[in-house]
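These are the residues of each chain, in order.
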Amino acid sequence: MIIKKIETFSTQNLCIVRVTTDDGFSGWGQTAPITADITAQIVHRLLAPLVLGKSCDDMQALEDSCVDSRYTFHGTYLFRALAGIDAALWDIKGKKEGKSVAQLFGSDRKFVDVYGSSMVKEVSPQWEVDRIKKLMQEQGIKAFKLHINKPGEYTYSLYEKDTDVYPGRTEELITLFRKTFGPDVPLMIDSNGSFSVKRAIEIGHFFEDMGVEYFEEPCPYWDFEKNAAVAKALKVPIAGGEQDYNMAQWKRIIDSKSVYIAQPDIGYIGGFTRAMQVAKMTEDAGIICSPHNFTCSLLLVYCIHMNAILKNGHPFLEYSIDPEEVDPWSNGLFTPFPDIHDGKVAVPQEPGWGVELNEEWLMKSSYAVSEI
Ligand SMILES: [Mg+2]
């Protein structure tokens with residue numbers, strides 16, 4: 001199969017990619033979101049010249065050649081853009097073989113369990129616990145992740161600080177969560193890399209006492225040695241890796257044991273193919289892989305397929321419970337939307353990713369095309 005056309009449909013926050021091959025197949029993909037109008041330009045300027053006219057039978061080889069050829073451009077935008085082309089190629093592969101992406105890997109799972117991922121940090125502990133209670137009752141969600149520390153823009157000079165809005169919120173929130181729901185509801189904590197090693201270890205001992213399942217990004221992600229030091233000092237497992245796209249860095253992260261739960265983001269890492277490469281590395285290392293995603297965009301669908309495939313996946317997949325706060329721009333992008341029932345979402349069974357883009361959304365986007 002030769003790639004003959006690449007189209008983008010972009011808004012400020014989303015970039016949808018359609019790839020068409022010489023045998024008449026087309027597939028849909030999505031890049032990493034936010035400033036996606038810039039990512040669309042990267043698709044056409046940096047990647048289209050390298051993939052048009054090339055065979056996509058070996059996706060890994062084609063994408064590795066893109067990464068190698070653009071070695072002076074390694075940075076988030078290159079990998080964000082590559083993720084969109086990669087996803088479209090998986091959609092084509094599934095459609096051509098009449099299988100969903102999960103089925104291409106031999107998975108016959110129909111459902112995956114999700115955890116409710118709270119994205120807000122500036123709400124009171126009582127408000128958070130009240131809405132979790134409601135989500136448990138109405139949607140049957142059985143596990144939760146809470147974000148702690150300073151809301152809004154990260155201010156790394158303010159390492160030891162809790163949120164300015166509710167000083168002491170972290171301890172109060174977790175204590176109230178346990179008091180309300182008991183010791184058995186899985187609870188994960190994410191600090192978005194906002195602690196020093198000293199403070200992360202100190203608060204990590206509190207998490208251990210409170211039965212926290214894992215502690216995500218204790219220290220800034222680029223200082224993987226700091227996260228390794230925290231991991232070494234604590235019993236609570238450390239999670240991380242959502243920002244990382246470089247495979248040599250991933251090897252360092254895994255070899256240094258800085259995480260026990262690896263969280264590749266399919267959009268940031270450069271696509272499903274590369275996320276599955278990390279999954280293989282984690283499987284070989286005997287650790288857990290749990291794809292990261294904060295949106296209700298197509299990335300959620302990709303993560304559902306990935307979680308259905310993984311043998312070393314986490315029992316619960318991340319699912320944002322704050323779509324209105326975080327990504328209202330994903331609303332109306334595709335159907336059917338994977339709503340939660342009894343704490344689970346359905347794994348799409350139709351060929352490819354198993355979802356359809358909404359024509360109305362596409363009509364409102366900016367269009368660009370590169371072709372042979
Ligand atoms: Mg995180």
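Residues numbered from 1 in each chain as written. Predicted model: local features only at pLDDT ≥ 70, side-chain atom pairs only at ≥ 80, totals over all residues. Heavy atoms only, no water.

### So, the sheet that holds strand S15 (residues 366-371)
And then number 1: If you walk across this open sheet you meet the four strands as S3-S2-S1-S15, and the pairing is antiparallel. Edge positions in the sheet fall to strand S3 (26-30) and S15, since each has one partner strand and no second. The mean inter-strand angle of the sheet, taken between neighbouring strand axes irrespective of direction, is 20°.
And then number 2: By the bridge criterion, five bridges tie strand S2 (residues 15-21) to S3 in an arrangement that is antiparallel. When the bridges of S3 are listed, Val 19 appears paired with Gly 27.
And then number 3: Along the sheet, helix H1 (residues 36-51) contacts strand S1 (3-10), S2 and S15; its crossing angle with S1, the most-contacted strand, is approximately 175°.
And then number 4: Packing of helix H3 (residues 76-97) onto the sheet brings it into contact with S1, S2 and S3, and relative to S3 it is tilted by some 145°. (Pairing = 2+ DSSP bridges. Helix = DSSP H or I, 4+ residues; strand = E, 2+ residues; numbered from the N terminus. Axes fitted to C-alpha atoms, helices over the stretch in contact; angles between N-to-C directions. Contact = heavy atoms within 4.5 Å.)

### Here's the deal with the pattern of salt bridges
And then number 1: On inspection of all chains with the given rule, the structure shows 16 salt bridges.
And then number 2: Across the pair Arg 199 and Glu 202 runs a salt bridge, and its minimum N-O distance is 2.8 Å. Linking Arg 199 with Glu 202, this pair stays in helix H7 (residues 197-209), spanning three residues, or about one helical turn.
And then number 3: As a salt-bridge pair, Lys 226 and Asp 223 come within 3.2 Å of each other at their nearest N and O atoms.
And then number 4: Since its relative accessible area comes to 35%, Lys 226 is described here as partly exposed.
And then number 5: When salt bridges with common partners are traced through the structure, they connect Glu 128, Arg 131 and Asp 322 into a single cluster. (Salt bridge = Lys/Arg side-chain N within 4 Å of Asp/Glu carboxyl O. Buried < 20%, exposed > 50% of the residue type's maximum accessible area, 1.4 Å probe, protein only.)

### A short note on the environment of Gln 30
And then number 1: One can find Gln 30 in strand S3.
And then number 2: Judged by its relative accessible area of 0%, Gln 30 is buried.
And then number 3: When the C-alpha atoms of Gln 30 and Ser 258 are compared, they prove to be 30 Å apart, with 228 residues separating the residues in sequence.
And then number 4: Leaving out residues up to four positions away in the same chain, Gln 30 has contacts with Leu 14, Cys 15, Ile 16, Ala 83, Gly 84, Ala 87, Ser 297, Leu 298, Leu 299, Tyr 302 and Leu 333.

### Let's talk about the pairing of strand S5 (residues 144-147)
And then number 1: Here S5 shows two buried faces, one formed by Phe 144 and Leu 146 and the other by Lys 145 and His 147.
And then number 2: The pairing of strand S4 (residues 111-117) with S5 spans two bridges and is classified as parallel. Counterpart to Gly 116 in the pairing with S5 is Phe 144.
And then number 3: Bridge analysis of S5 against strand S6 (residues 187-190) gives four bridges, and the strand direction is parallel. Bridge pairing in S6 places Leu 146 opposite Ile 189.

### Here we look at the environment of Ile 201
And then number 1: Position of Ile 201 among the secondary structure elements: in helix H7.
And then number 2: Between the C-alpha atom of Ile 201 and that of Val 230, which follows or precedes it by 29 residues, the distance is 5.9 Å.

### Quick word on the domain arrangement of the protein
And then number 1: Looking at the assigned domains, one finds that the protein contains domain 1 (3-98 + 359-371) and domain 2 (103-346).
And then number 2: Averaged C-alpha coordinates put domain 1 and domain 2 at centres separated by 27 Å.
And then number 3: Facing 27 residues of domain 1, the contacting portion of domain 2 comprises 23 residues.
And then number 4: Summed over both sides, the interface between domain 1 and domain 2 buries roughly 2,000 Å², with carbon and sulfur atoms accounting for 67% of that surface.
And then number 5: Summed over the three residues of domain 1 that lose the most area to domain 2, namely Gln 30, Phe 79 and Trp 90, the buried surface amounts to 26% of that side.
And then number 6: Across the contact surface, domain 1 and domain 2 share zero salt bridges.
And then number 7: Inspection of the region where domain 1 meets domain 2 yields seven residue pairs in polar contact (both at pLDDT 80 or more).
And then number 8: Looking at side-chain class alone, the side of domain 1 that touches domain 2 contains 14 nonpolar, eight polar and five charged residues. (Domains from an automatic or database assignment. Buried area = accessible area lost by both parts, 1.4 Å probe. Polar contact = N/O pair within 3.5 Å; in protein donor to acceptor, adjacent residues only side chain to side chain. Nonpolar A, V, L, I, M, F, W, Y, C, P; charged D, E, K, R; others polar.)

### Some thoughts on helix H2 (residues 59-69)
And then number 1: What H2 keeps buried is the set Met 59, Leu 62, Glu 63, Cys 66 and Val 67. Down the axis, H2 shows its buried residues gathered within 135° of arc, on one side only.
And then number 2: As for H2, its buried residues are in contact with S1, H1, H3 and helix H10 (272-285).
And then number 3: Where H2 begins, the side chain of Asp 58 points an oxygen toward the backbone nitrogen of Gln 60, at a separation of 3.4 Å. (Arc of directions from axis to C-beta.)

### Focus: the packing of aromatic side chains
And then number 1: This structure, assessed with the given rule, holds 14 aromatic pairs.
And then number 2: Centre to centre, the rings of Phe 79 and Tyr 245 are 4.6 Å apart; their planes meet at 15°, and the pair counts as stacked. Highlighted residues: Phe 79 in helix H3 and Tyr 245 in the loop between strand S8 (238-240) and helix H9 (247-255), separated in sequence by 166 residues.
And then number 3: Given a relative accessible area of 2%, Phe 79 falls into the buried group.
And then number 4: Considering the side-chain rings of Phe 207 and Phe 215, the 4.8 Å spacing of their centres and the 85° angle between planes classify their relative orientation as edge-to-face. In terms of burial, Phe 207 and Phe 215 fall into one category: buried.
And then number 5: One aromatic cluster is present, formed by Trp 90, Phe 105, Phe 272, Tyr 302 and Trp 353 through successive ring pairs. (Phe/Tyr/Trp six-rings, centres within 6.5 Å; stacked < 30°, edge-to-face > 60°.)

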